[in-house]
Amino acid sequence: MMKTNVGDIDRILRIALGIILVLLAVENGWTWAWIGLIPLATGGLATCPLYSMLGMNTCKVKK
């Protein structure tokens, strides 16, 4: 399993954006809006491969 690197606020924004884009794709037939599956998946899984490659992490550090 991949390491969690997406924080709470980041997750909420990704999921919201993903849902909006997927709804636009379904309702309006906008093919490009299916790209919303990416932020929806990364938000749902709390991991972003791009963040991993760039060494980024928006999770709070637990001590």
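Here's what I pulled together on the structure shown here. (Residues numbered from 1 in each chain as written. Predicted model: local features only at pLDDT ≥ 70, side-chain atom pairs only at ≥ 80, totals over all residues. Heavy atoms only, no water.)

1. Describing the environment of L24
Mapped onto the secondary structure, L24 falls in helix α1 (residues 8-28). Residues L24 and G36 lie 12 residues apart in sequence; the distance between their C-alpha atoms is 9.3 Å. Setting aside chain neighbours within four positions, we find L24 in contact with G29, W30 and A33. (Helix = DSSP H or I, 4+ residues; strand = E, 2+ residues; numbered from the N terminus. Contact = heavy atoms within 4.5 Å.)

2. What about helix α2 (residues 37-45)?
Those residues of α2 that sit buried are P39, T42 and G43. The arc enclosing the buried residues of α2, seen along the axis, measures out at 100 degrees, which places them on a common side. Looking at the buried positions of α2, the neighbouring elements they touch are α1 and α3 (49-54). Two residues or fewer after α2 comes A46, characterised by a positive phi angle close to 60 degrees. (Buried < 20%, exposed > 50% of the residue type's maximum accessible area, 1.4 Å probe, protein only. Arc of directions from axis to C-beta.)

3. A closer look at the packing of aromatic side chains
A complete count under the given rule lists 1 aromatic pair for this structure. On the basis of an interplanar angle of 20 degrees and a centroid distance of 5.6 Å, the ring pair of W30 and W32 is categorised as stacked. Residue classification places W32 among the exposed residues on the basis of a relative accessible area of 53%. Here the guanidinium or amino end of R14 rests over the ring plane of Y51, the centre of that ring lying 4.9 Å away. (Phe/Tyr/Trp six-rings, centres within 6.5 Å; stacked < 30°, edge-to-face > 60°. Lys NZ or Arg CZ within 6 Å of the ring centre and 35° of its normal.)

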